[in-house]
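# Coordinate analysis (summary)
So you can see what is in the structure, the chains are spelled out below.
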Amino acid sequence: MNSYALSALIAIMAAAGTLAIVPTYASSFDEEACPDCGTDDIYVKAKLAAQNDLPITVETDKRIYDHASEITVSGTVANMREGFPITVTVIGPQGNLAGAHQVEVSEDNTFEAMFSTASALFNTNGIYTVRVQYGPQEINDKTTFEIVGDVPTEESACGDGELAVKGGGEVFCVPYEIDGAVVTGASASSAKQSLVLKVETESDGSIRLAIPRNVLDATEDGSDVDFIVLVDDEEADFEETDSDDSTRTVEITFPEGASQIEIIGTYAVPEFGTMAAIILAAAIVSIIAVSARTRLSISPRY
């Protein structure tokens, strides 16, 4: 092999090696591993070049949070799509919907959304997944973060003399007084249209509840009707002592040994609450917008 051919072979091998190295930098870039890298550093250039090739990217400001944190979700889009917001959803460790926002893209092609881990929807420790979608379904990305630490109890959200009632992904504080027992748990169910209390009794006793109408109510043709009250699945004595436009107050007696009190009405707070309604509305608006812009049709076009 003459010297000219050898030089050409070396040049080709060097170029191939350079092309192989740059993607490696882009895929393995770690800011923590290179804290002193400036914007002119080859690692940073490789990362930015890789991001510019992606339709959308998303990240959180930290990887680990406690139950009293603000989560900043941010990202970039490669191409601005006029009139399309970005849908940001957070999925919890058990597959539950923990939060959702729709945000606009800024002029510099960036976006940002905020979530609070103090919300009852973030009260489970574990890995959460953030998903973002921009316009058509294929323009999406996701990342993850973890919530750790002591989980605050529902009771901590309510003051003295208030009962924490879980329902619709929220905690409602219901004023109450009880004698002869303690309440160990309370929840509202739209499926059963009821408010269920778990109690541990010390003697015969009674409980007085000022029930918000938006948590539980009993009406027929726009007028109030009586609740049905069960103690351990047996009909029990009670008295409605007061009512107004926002609450209905009942007093229920129970025997020693009782473990459950159920108050049945005609309405109870929906299981999925207002957050699910907002998310559903946002999803419908997004589908309509995408369909209008892409002129989607059920019937195939030829």
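Keep in mind that this is a model prediction, so the values were computed, not measured.

Further remarks concern the environment of Ile56. Position of Ile56 among the secondary structure elements: in strand S1 (residues 56-60). Separated by 77 residues in the primary sequence, Ile56 and Gln133 place their C-alpha atoms 8.2 Å from one another. Ignoring anything within four residues of it in the chain, the contact list for Ile56 reads Thr76, Val77, Ile86, Phe111, Val132, Tyr134, Ile139, Asn140 and Asp141.

Between two aromatic rings, the relevant description is the distance of the centres plus the angle of the planes. Taken as a whole, this structure holds four aromatic pairs when the rule is applied. Considering the side-chain rings of Tyr65 and Phe145, the 5.4 Å spacing of their centres and the 85 degrees angle between planes classify their relative orientation as edge-to-face. Pair noted here: Tyr65 is in strand S2 (residues 64-65) and Phe145 is in strand S8 (residues 140-147), with a separation of 80 residues, a long-range link. Both rings, one in Tyr128 and one in Phe145, keep their centres 5.4 Å apart while their planes meet at 5 degrees; by these two values the pair is stacked.

A word on the sheet that holds S2. Within a beta sheet, neighbouring strands are joined by backbone hydrogen bonds and run either parallel or antiparallel to one another. Strand order across the open sheet formed by five strands is S2-S8-S7-S4-S5, with mixed pairing between neighbours. Edge positions in the sheet fall to S2 and strand S5 (97-103), since each of these pairs with one other strand and no more. Pairing geometry for strand S7 (residues 126-134) and S8, over eight bridges, is antiparallel. In the strand pairing of S8, Arg131 is matched with Lys142.

Taken together, three strands build an open sheet; the order of strands is S1-S3-S6 and the sheet is antiparallel. Every other strand in the sheet has two partners, leaving S1 and strand S6 (110-116) as the edge strands with one partner each. Ignoring which end each strand starts from, the neighbouring axes of this sheet average 20 degrees apart. Bridge count for strand S3 (residues 70-77) against S6 is seven bridges, and the pairing is antiparallel. Following the sheet pairing, Glu70 is matched in S6 by Ser116.

Here the focus is the side chain of Ser194. The topology assignment puts Ser194 in strand S11 (residues 194-212). With sequence-adjacent residues up to four places away left out, Ser194 is seen in contact with Ser187, Ala188, Ser189, Leu216, Glu262, Ile263, Ile264 and Ala268.

With that settled, consider the pairing of S8. The pairing of S2 with S8 spans two bridges and is classified as parallel. Looking across to S8, one finds that Ile64 is bridged to Glu146. Here S7 folds back onto S8 in antiparallel fashion, the turn holding five residues, of which Gly135 has a positive phi close to 70 degrees.

What follows covers the state of the cysteines. Such a bond, covalent and formed between the sulfur atoms of two cysteines, is termed a disulfide. Applying the stated criterion across every chain, the model contains one disulfide. In this model Cys158 forms its disulfide with Cys173; the gap between the sulfur atoms is 2.0 Å. Here the disulfide of Cys158 and Cys173 is left-handed, its torsion about the S-S bond being about -85 degrees. Taken together, the positions of Cys158 in the loop between S8 and strand S9 (162-167) and Cys173 in strand S10 (residues 170-189) put the pair 15 residues apart, joining distant regions of the chain.

For the protein, the average pLDDT comes to 79, and 70% of its residues sit at 70 or higher. In this model, residues 272-276 is a region of pLDDT below 50 whose contacts with residues beyond four sequence positions or in other chains number five contacts.

Of all hydrophobic cores here, the largest spans 29 residues; its most connected members are Val165, Leu197, Ile207, Leu209, Ile252, Ile261 and Ile263. When contributions to this core are tallied by element, the ones reaching two or more residues are S9, S10, S11, strand S15 (228-231), strand S18 (247-254) and strand S19 (260-264). In this structure, Ile263 is in contact with Gln193, Ser194, Leu195, Leu209, Ile211, Leu216, Phe227, Ile228, Val229 and Ile252, ignoring residues within four places of it in sequence. By size, the runner-up hydrophobic cluster in this structure holds 24 residues, among which are Val77, Phe115, Tyr134 and Ile147.

To continue, consider the environment of Ala100. For Ala100, the location among the structural elements is in strand S5. What makes Ala100 buried here is its relative accessible area of 12%. Once the C-alpha coordinates of Ala100 and Val90 are considered, the two residues, ten residues apart in sequence, prove to be 6.3 Å apart.

It is worth spelling out the pairing of strand S4 (residues 86-91) at this point. Along any regular strand, the residues point their side chains to alternate faces of the sheet. In terms of burial, S4 is largely enclosed, as five of its six residues are buried. Of the pairings in the sheet, the one linking S4 to S5 comprises six bridges and is antiparallel in character. Its bridge partner lying in S5, Thr87 is registered against Gln102. Between S4 and S5, which follow one another and run antiparallel, lie five residues, and Gly95 among them has a positive phi close to 80 degrees. Judged from the six bridges that link them, S4 and S7 form a sheet pairing that is antiparallel. Considered in S7, the bridge of Thr89 is made with Arg131.

Definitions and limits used
Residues numbered from 1 in each chain as written. Predicted model: local features only at pLDDT ≥ 70, side-chain atom pairs only at ≥ 80, totals over all residues. Heavy atoms only, no water. Helix = DSSP H or I, 4+ residues; strand = E, 2+ residues; numbered from the N terminus. Contact = heavy atoms within 4.5 Å. Phe/Tyr/Trp six-rings, centres within 6.5 Å; stacked < 30°, edge-to-face > 60°. Pairing = 2+ DSSP bridges. Axes fitted to C-alpha atoms, helices over the stretch in contact; angles between N-to-C directions. Disulfide = S-S within 2.5 Å. pLDDT = per-residue confidence, 0-100. Core = buried A, V, L, I, M, F, W, Y, C linked by side-chain atoms within 4.5 Å. Buried < 20%, exposed > 50% of the residue type's maximum accessible area, 1.4 Å probe, protein only.

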